[in-house]
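Survey of secondary and tertiary structure
Below are the chains, spelled out letter by letter.
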Amino acid sequence: MYNCEDVTGGARVASDGAPRTARQGGIFYGWYIVAAVFFMVFVSIGFRQSYGLFLPSWREEFGVSISFLSTVAFVGWMVNGVAQPVVGGLADRYGARVVGCVSIGVLGLSAIAMTLSFNIWVLAFFYATFASFANAGAMFTPITPLIARWFVRKRGAALSIITAGGSGGAMLLIPFAAYLLDLANWRVALAVIAGIMLVLVLPLLLVVVRNRPAAMGLRPDGDTAAMTGGPQRPQIFDGPLAVSHWRQAYRSAPMWQLTLTYVVCGITTAIIAVHFVSFAKTEGINEKTAALAFGLLSFANMSSVLVMGIFISDRVQRKNSLTVIYAVRGLGFLALLVMPGTTGLWVFAVVAGGSWLATVPQTSALTAEVYGVRNVGSITGMLTMVHMCAGALAVLAAGLTFDYFGSYDPVWVVSVVLLAGASFLAWTLREREVSARYMPMRLAEA
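Read on for a plain summary of the structure. (Residues numbered from 1 in each chain as written. Predicted model: local features only at pLDDT ≥ 70, side-chain atom pairs only at ≥ 80, totals over all residues. Heavy atoms only, no water.)

The subject of this paragraph is the overall build of the protein chain. Within the protein chain, the secondary structure is distributed over 17 helices and 4 strands. Sequence separation of at least 24 residues holds for 84% of the intrachain contacts in the protein chain that already meet a minimum separation of 6. Of the roughly 18,500 Å² of accessible surface on the protein chain, 67% is carried by carbon and sulfur atoms. (Helix = DSSP H or I, 4+ residues; strand = E, 2+ residues; numbered from the N terminus. Contact = heavy atoms within 4.5 Å. Areas by Shrake-Rupley, 256 points an atom, 1.4 Å probe, with all protein chains shown as cover.)

Next comes the structure, spelled out in structure tokens:
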């Protein structure tokens, strides 16, 4: 006996008694929400990734060391990680619209406070506390329950498009900030980013985003009464592991499989985010070439996320997608070990870049389908917390390893082994038995 969820919540009807159409002007309203959230993720991740861009300016103006600024970044990552389950729980309770709007507002104000900082301690305080905490609410965690309610059949595609916004932010906003930095100074560059958040992103979220399709008399995926077999409310069956509280998820194996694989994801992405340029310099590659390679990595990631999300994600088992993603990323790290200098760098950018943020929509969608939509914000928040905290610790460990061995090779070896393990762990997840996607099929066979 499986539970089911009423996804319309009492959709409004027109004067003739028929449900309102789910499409306006031929486009399902959910895609407008995807576009608005895409822009939010574009700017919020662009802000987070721009931290390294400002390091030389802060070092020169405030007279501090790179190790001090690295410690500030570490604290910020940890705060961001701890904030994930908090914003996820708030999204479950109050909706992603409230969480996203408040978060992007606080993030913009924090960025402005950073530009007004008269010493490094004030700047570090606002970055490591308010900005890092708010950044968690302007990224992927609160988005998952929002998209899970607006999309069912196209959930993977919608989440993948939003995830591509993160890659776009890293690829485009950072060069734009660099241009402003060269044209003026870091305060102007950061103020412009803050202005984009407060003047463009925040009003867009307020106007466009709605927490549930039922609030507009719509159905998920743009289904109409005819598409769902008549005027009756469509029902979405929960899987056998659907929970009424997020803690219950940890009593089942899939939650631990998803957690451990996401830990590996956090470790391998954080190491590259912080140590990529440093590694390139040890190979005799200058900063400009390393920056171009990182740009290629971001472009490859955005392309792969879109291709997988639109054409593949919702047509295959998500655990199979995750298996391939982790394996491909492992091959990228292997290239850094076995290929010489520049060749290894460019091969890594293309191969590993194709898998970089691709884990996010697959993990988020699978979590919603296994444990239900009701608590998916809290559960995704816990997953993202361990992802971020593991990444923060990995950044420190990689730096200590390099100081001891004088090489990043041990770091790459460990990364390859961990990614091979994550690929195997994803493959062993019994998705057909626990995912709501396959419940109608299982009931038909029963």
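Picking up after the structure, the text goes on.
Looking now at the packing of helix 3 (residues 66-94) against helix 4 (residues 96-115). Interaxial distance between helix 3 and helix 4 falls to 7 Å at its minimum, and their mutual angle equals 135°. Classified by the angle between their axes, helix 3 and helix 4 sit oblique to one another. Mapping the contact onto sequence places Val 87, Leu 90, Ala 91 and Tyr 94 in helix 3 and Ala 96, Val 98 and Val 99 in helix 4. By residue class, the composition of the contact of helix 3 with helix 4 is 7 nonpolar, no polar and no charged. (Axes fitted to C-alpha atoms, helices over the stretch in contact; angles between N-to-C directions. Parallel < 35°, antiparallel > 145°, perpendicular 65-115°, else oblique. Nonpolar A, V, L, I, M, F, W, Y, C, P; charged D, E, K, R; others polar.)

This part takes up the pattern of salt bridges. A full pass over the atoms with the stated rule returns 5 salt bridges. In this structure, Arg 155 engages Glu 369 in a salt bridge whose closest nitrogen and oxygen atoms are separated by 3.8 Å. Within this pair, whereas Arg 155 is found in helix 7 (residues 155-183), its partner Glu 369 is found in helix 13 (residues 359-371), the two being separated by 214 residues in sequence. You can call Arg 155 buried: its relative accessible area is 6%. Among the residues examined, Glu 369 registers a relative accessible area of 3% and is labelled buried. Residues Arg 430 and Glu 433 are paired through a salt bridge, measuring 3.6 Å at the closest nitrogen-oxygen approach. Under the relative-accessibility criterion, Arg 430 is labelled exposed at 56%. For Glu 433, a relative accessible area of 39% translates into the label partly exposed. Among the charged side chains, a network of salt bridges with common partners joins Arg 155, Arg 318 and Glu 369. (Salt bridge = Lys/Arg side-chain N within 4 Å of Asp/Glu carboxyl O. Buried < 20%, exposed > 50% of the residue type's maximum accessible area, 1.4 Å probe, protein only.)

Where nonpolar side chains cluster on the molecular surface, the patch consists of Val 86, Leu 90, Tyr 94, Val 98, Val 102 and Phe 133 and spans about 510 Å² of accessible area. Only helix 3 and helix 4 provide two or more residues apiece to the nonpolar patch. Along the chain, the position of Leu 90 falls in helix 3. The class for Leu 90 is partly exposed, based on a relative accessible area of 35%. (Patch = residues over 30% accessible without salt bridge, like charges linked within 9 Å, V, L, I, M, F, W, Y side chains within 5 Å.)

Next up on the list: the side chain of Ser 355. Counting through the fold element by element, Ser 355 comes out in the loop between helix 12 (341-353) and helix 13. Since its relative accessible area comes to 1%, Ser 355 is described here as buried.

Let's shift gears to the side chain of Arg 48. Mapped onto the secondary structure, Arg 48 falls in helix 1 (residues 29-49). Asp 92 is the oppositely charged side chain nearest to the buried, salt-bridge-free Arg 48, at an N-O distance of 20 Å. For Arg 48, the residues in contact, after removing those within four places along its chain, are Asn 80, Asn 135, Met 139 and Met 388. (Lys, Arg positive; Asp, Glu negative; His and termini not counted.)

In this section: unusual backbone geometry. A positive phi angle, near 65°, is found at Asp 221, a position not held by glycine. Mapped onto the secondary structure, Asp 221 falls in the loop between helix 8 (186-208) and strand 4 (235-237). The exposure class assigned to Asp 221 is buried, which follows from its relative accessible area of 5%.

Attention now goes to the environment of Val 72. Within the secondary structure, Val 72 sits in helix 3. Residues Val 72 and Leu 123 lie 51 residues apart in sequence; the distance between their C-alpha atoms is 9.7 Å. In contact with Val 72, not counting residues within four places along its chain, are Tyr 51, Ala 124, Tyr 127 and Ala 128.

This paragraph deals with the packing of aromatic side chains. Taken as a whole and judged by the stated rule, the model has 28 aromatic pairs. Pairing Tyr 51 with Trp 58 gives two aromatic rings, centres 5.3 Å apart and planes at 70°, and the pair type is edge-to-face. Taking relative accessible area as the criterion, Tyr 51 reaches 9% and is therefore assigned buried. Judged by centre distance (5.3 Å) and plane angle (70°), the ring pair of Tyr 250 and Trp 256 falls under edge-to-face. Given a relative accessible area of 45%, Trp 256 falls into the partly exposed group. Among the aromatic residues, ring-to-ring pairing joins Phe 276, Phe 279, Phe 333, Phe 348, Trp 356, Phe 402, Tyr 408 and Trp 412 into one connected group. Positioned above the aromatic ring of Trp 77 is the side chain of Arg 48, whose terminal nitrogen or guanidinium carbon lies 5.3 Å from the ring centre. A cation sits over an aromatic face here: Arg 329 above Trp 356, 5.1 Å from the ring centre. (Phe/Tyr/Trp six-rings, centres within 6.5 Å; stacked < 30°, edge-to-face > 60°. Lys NZ or Arg CZ within 6 Å of the ring centre and 35° of its normal.)

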